[in-house]
Structures are given as structure tokens and as C-alpha cells.
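The primary structure of each chain is shown beneath.
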Protein chains: 2
Amino acid sequence: MLDNRVKTFMKAVDAGSFSRASKDLFISSVSIKKQMDSLESELGVQLLERTNRGVKPTVAGEIFYGSAARANQLSEHALRQIRGLSHQEKPTVKVGTSLLRPCSRFLDIWTRAGSSDEFSIEIVPFEDGEKLDKVIANLGNGIDCFLGPCDAPRWFKLCSVLKLGFYDCAIAVPRRHVLSEKSHLAWDDLEGQSLMLIEKGTSPVLDSLRSEIESRHPSINVVDTPTVYGIDTFNQCEREGIFMETLDVWRDVHPGFATLPMEWDYRIPYGLFYSKNPSDRMARFVDLLTEG
Amino acid sequence: MLDNRVKTFMKAVDAGSFSRASKDLFISSVSIKKQMDSLESELGVQLLERTNRGVKPTVAGEIFYGSAARANQLSEHALRQIRGLSHQEKPTVKVGTSLLRPCSRFLDIWTRAGSSDEFSIEIVPFEDGEKLDKVIANLGNGIDCFLGPCDAPRWFKLCSVLKLGFYDCAIAVPRRHVLSEKSHLAWDDLEGQSLMLIEKGTSPVLDSLRSEIESRHPSINVVDTPTVYGIDTFNQCEREGIFMETLDVWRDVHPGFATLPMEWDYRIPYGLFYSKNPSDRMARFVDLLTEG
DNA sequence: CATCCTTACGTAAACCGTAACTATC
DNA sequence: GATAGTTACGGTTTACGTAAGGATG
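All of these numbers come straight from a predicted model, not from anything done at the bench. (Residues numbered from 1 in each chain as written. Chains lettered and ligands numbered in written order. Predicted model: local features only at pLDDT ≥ 70, side-chain atom pairs only at ≥ 80, totals over all residues. Heavy atoms only, no water.)

Draft legend 1. Quick peek at unusual backbone geometry. Residues and elements named next belong to chain A. In this structure, F26 is a non-glycine residue whose phi angle is positive, near 60°. Looking at the element boundaries, F26 is found in the loop between α2 (18-25) and α3 (29-43). Here F26 falls in the buried class, since its relative accessible area comes to 18%. (Helix = DSSP H or I, 4+ residues; strand = E, 2+ residues; numbered from the N terminus. Buried < 20%, exposed > 50% of the residue type's maximum accessible area, 1.4 Å probe, protein only.)

As C-alpha cells, then:
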């Protein structure tokens, strides 16, 4: 309900600096600066005093902040009220889905849990292109939750995660490679190959895989990816013809790869990502899944 | 402070249809429709029931309208408060200026009125390209007032106008025409020429000029312009080489014309355009000019 | 058929991000 | 040199308008 710039203003005041606010909002500090300039010039009043140590609201800024906060409360209350009556029979949970965070397994779990009586589910697609951090930061608006691998500890700072099961680690082999014809791989097959693996320190499971490779299969050439796999990662590996550590659920992400099981037992836990401050509705939903 | 779409939503509910609201807001009904679609999809709730006779808020829409109205009140109160304290010494009045609504004469009047002690003036340029209606509808935000010809009664529906003086009607002659060399024109010079004149029914003064031409100088070919002169009007006449009825203040608008006085006494009143619901500050300012 | 909402499509403006710069501690 | 805000520039998205379509009384 409030203008975006006003919300940004509040975050900037809370954070005490544009740069800190930019981390909360997942946009650049430049953008925040320009939003504040625009807001101030529209109001014709300076709201923030900028120093080299951060920003501080002016007197006008403090008054504005107060009103904005009250208006925000008002609007949030109204939205809760509205959402409540729009689905009078069953509350709805919006489950995000994307190529790399498919919700296929979720539907099984959900129906088994018997929560289908109390909730209705709405599937909302989202783009893998957007920063995942941004999607996670906005859980509760638009998307209530999604399913994804949750091995990396970094997610736990940003949202709550309900562990639900495991994905098997596998190897994605470029189709043009002879090995892609095989039905499963063994360590011997990998000797001398390049293997894409997520940056060290991101995932405990993959760190131990990395250790095993380094100590026992040193001929495998490990290549680092950024901390989060994206479609780009698949494209890049396909172009360069190198193997990837991947997950069974990502079997159909890129047609240029054959996803083959490997003679190991590495598994990555997956879970339901939802807001740190879940709505009552969402909290109840998680309870149902936990019991089930 | 509120999101634009929310303000549009309120107007749409007030007006009862997108098309009527589009006239109030000076944007197309298409744009309103898309704003409402976007708002509804963001909230995940339908706010408006659309029929072929207009739109009507749903139950959710009525609740939302109520909260939005309260939030709007809140924000307007805060803005008044803020604006009040930001210019502690002197309140500022923002005077709009454009090629066709120059503020040159205003400065004389203002200093003579002695109001320079109480107010400070800020000159804010605006584009003649934008619909003048839109500028007028938004007086009070960004621009508090501007100076312009105020003969046409239609303005009085949209805003308040304080009459301040008169512009002399003159003739703009394309430079390539021999008559442009003269220092002033007489009726004889115009016989057989084409003369651009504002559409009948727009301005009483120009309507009487038109009558005089029709009855006493029928050889002059009167060409209609749209109800408001724009830069385009000058460009068009320059291209087509036809004379224009113009004002002395528009002498320097287009280099392709010589603006010559004419042997007549037609004058168009000009005045200060300001909001129908002026702020206290603006009302006080108008008072000062009236006294002076 | 008049009125209103909707769809399609091209243009114009707003938004955001990277990178380079400045100032202060 | 570390950390803040600012400026400049380029690409992308969003917003808006015109024109044409479609539904309803």
C-alpha cells in the first residue's frame, strides 16, 4: 500500500546507512540513494542527513518515519483482514516453484500429511534468474514458501527451513561425452575429468565430498562454481564440456546433460523455506507438515 | 506516501468507472485498468468488480478503501506538519514556468506587492508538452501556481485564478513573409491572408475578434487551432506559412515568426493559476497579491 | 449503438546495477 | 585503507498511450 520509496526510507532509517539497508533490501545502495533523493525532492523536504558514517533522519524525517510506520501498520492490518475473507473456506498457501526448486515432491508430502482438508495450495512460478536471496527475503509476499536443498547454513540466517527429506547427489555428464551413454558412474570413470563443485565452505556435505576427491582421487580436477547453482551454471558447463556434481531433481533442467547416479552415498537434505516471521496461517501449515 | 496504484484505486471507486476516473486523473483508462490489475495481483485479492457499466468495489475492496483513506489522511497530516517546519523562516511558493507560461511579469508584481518579506519564491520549470490540464490538476504538488492567459472559462472549473493584468493580442508573421519586415500591422495587411485563431467557444475575447473578422474582413481566412496553443501550433503555422493570432509575451517562443502589434485593442487577461483547494500558505500568498 | 472494459503493440520514462570517484575516519 | 555517500553511464523493466476488439444493455 505504501510507496516503495517510503518503505525504503524506513529501512534506511532502521539500518542507519544506505549500505546496510542495501543488504537488507537486496538492492544496491545507489538505488536506495536515488530513491531517497526522489522522495525528498517530491516532498520538498530533506528527510535524511547524510554523513560519511551513515545517515540519520532529520526532524522532518522522524515525523515522517512515525507517520509512515503507523500507515504501514494500518495497511498491513487491512491486508490481513482482506486476505482472511477472500478465501473464507480454506486458507491458501502459495508455493513457489522454479526449474531449480521444483515443488514436485512437495505435493506428495502434503497430501500424505492430510493437510489437504485444511489448506488449499496455489503454485506460483518464480524465475531462477532473480537473486535467490531476494526471493527468500520476500517470503510471505507473493510466495509463502518453496522447496529446495537446504544444506548450506547460510539460508538459516535468512529464513526458517523445515527439513523434509534428501536429494541424491549425482553427476551431470555433457551429452557429447561418451560417458553419458552409461547408466551409472563409478570413481574410475571420473579420473582425469573436470568436475564442477560448489565453492568450498558453502555446503558441509559437498565439502566432505571435496575432501574425499582431494585425498583419494587427486586426478579429478575440481572447478569451483559460485555459492548458488543457477541455469547459467548448467549452460557454462555444457559449453565447456565439463562434468557437474548435481542432484537427481535437476535431471531435466538442461537437455545437454545426462544425469547419472554415482557410486557414492552423498545426499543433500531438502526442506521447505518459509519466512522467519511466518503468518499464523503459514505457521499452522508448517505445524501440519511437521506432524504428518 | 501511498503507492500510486492505491491512489488510483480510490479515485476509481469514487468515480465508479475507469473511464470517469481517467478524466479526473488525466491518464488513460487503459493505464488505470493495468494499475488495478497489478494491484490486485500483488495483493492476491480482487478489489473491483468490473461490469460493462463501470466498476464497483468488492467487499475486500471496501475494506481496503477504508484503510487506504485513513492512511492517506495520516500521510497528508504528516506532510503538512513537515512542510510547516522545514521552512521556518520563510514559506516557499513554487512558481511554474514554461515557454508559453513565462513567469517574467510575475516577479515584478510580486516585488511590488511587498510580499518578498514574507515568502521566498522558487521557480520550477515545466514542459509545455504535457497536457496543461494535468499540470493544473496537480497544482499544489511540485508546482504551487503559474501565470498564464485566463480568458477561457474552462480553466475556472479546474482551478482558482487570480487576475493580474492583460496581454496584448498581436500577429505572428512567418519571417519569410514580406510583411514580417513591418513594425506594425493594419487590417489592410491581413486581407486575403490565412490567420490561425483558437477554436470558437474557447475564449470570449477571441470570439469577438472572430466576429469582427467574419463581418468586416471576410477575405481573411480563419483557421482553427485546438483549444490550447502549444509549441506544435507554432511549428505547424511556421511550416504552412500562415499568420497567427498571438500574444506579446509569446514574442520569443518561435524564431520563425515576427510578432507584430496590430491596430486593434484586443487584450487577453492573464492571471495566477492555483489549486482550487489551496494550502494555507498558498491562500495567504494570494491574499498578499490581492492587497498589493 | 453507445458505453465501458480489455487486448495488442510501440514508445518513453523510470529503475537498477557496475564502476569510478570523493570524503572522512 | 576501510567505509561511507555520490556521479556517470548503459541496459532492462515498467508505465503509458493509441488503436482496435469485444461484451452488455
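And the narrative resumes.
Draft legend 2. Just the interface of chain B and chain A, in detail. With 26 residues of chain B at the contact, the number on the chain A side is 25 residues. Summed over both partners, the interface of chain B with chain A buries about 2300 Å², with 73% contributed by carbon and sulfur atoms. For the pair chain B and chain A, the number of links is zero salt bridges. Across the chain B-chain A interface, the total number found is two residue pairs in polar contact (both at pLDDT 80 or more). Mapped by element, the contributors of at least two residues to the side of chain B that touches chain A are α3 (29-43) and α4 (59-86) of chain B. (Contact = heavy atoms within 4.5 Å. Buried area = accessible area lost by both parts, 1.4 Å probe. Salt bridge = Lys/Arg side-chain N within 4 Å of Asp/Glu carboxyl O. Polar contact = N/O pair within 3.5 Å; in protein donor to acceptor, adjacent residues only side chain to side chain.)

Draft legend 3. Focus on the UniProt feature "domain: HTH lysR-type" (unreviewed entry) in chain A. The positions UniProt marks with the feature "domain: HTH lysR-type" (unreviewed entry) are residues 1-58 of chain A. For residues 1-58 of chain A, the helix share is 60%, the strand share is 14%, and the end-to-end C-alpha distance is 24 Å. (UniProt positions renumbered as here; feature names shortened; annotations may be inferred.)

Draft legend 4. Layout of the protein's contact with DNA strand D. In the vicinity of DNA strand D, 21 residues are found, and the nearest of them are F18(A), S19(A), S28(B), K34(B) and N52(B). Within 4 Å of the protein, the atoms of DNA strand D are drawn from sugar and phosphate moieties in a proportion of 71%. The separation between a phosphate oxygen of DNA strand D and a polar side-chain atom of S19(A) is 2.9 Å. Within the side chain of K34(B), one N or O atom sits 2.7 Å away from a base oxygen of DNA strand D. In terms of residue count, the dominant contributor to the surface near DNA strand D is α3(B) (four residues). Residue composition of the surface near DNA strand D, grouped by class: five nonpolar, nine polar and seven charged. (Near = heavy atom within 4 Å. Nonpolar A, V, L, I, M, F, W, Y, C, P; charged D, E, K, R; others polar.)

Draft legend 5. Geometry of the pattern of salt bridges. All names here are of chain A. For the structure shown, the criterion picks out 24 salt bridges over all chains. Across the salt bridge formed by R154 and D133, the nearest N and O atoms sit 3.2 Å from each other. In this pair, R154 sits in helix α7 (residues 154-158) while D133 sits in helix α6 (residues 132-137), placing the two residues 21 residues apart along the sequence. Exposure remark for R154: the relative accessible area of 27% places this residue in the partly exposed category.

Draft legend 6. Examining the protein's contact with DNA strand C more closely. Of all residues adjacent to DNA strand C, which total 21 residues, the nearest are S28(A), S31(A), K34(A), N52(A) and F18(B). Here the atoms of DNA strand C within 4 Å of the protein split so that 72% fall in sugar or phosphate, with bases taking the remainder. Residue N52(A) places a side-chain N or O atom 2.6 Å away from a sugar or linking oxygen belonging to DNA strand C. The separation between a phosphate oxygen of DNA strand C and a polar main-chain atom of F18(B) is 2.8 Å. Those elements that place two or more of their residues in the surface near DNA strand C are α3 of chain A together with α2 (18-25), α3, β1 (48-51) and β2 (54-57) of chain B. Across the surface near DNA strand C, the residue classes tally to six nonpolar, nine polar and six charged.

Draft legend 7. Spotlight on the domain arrangement of chain A. We note that the domain assignment places domain 1 (4-63), domain 2 (67-165 + 270-291) and domain 3 (166-268) within chain A. A separation of 44 Å is found between the C-alpha centroids of domain 1 of chain A and domain 3 of chain A. (Domains from an automatic or database assignment.)

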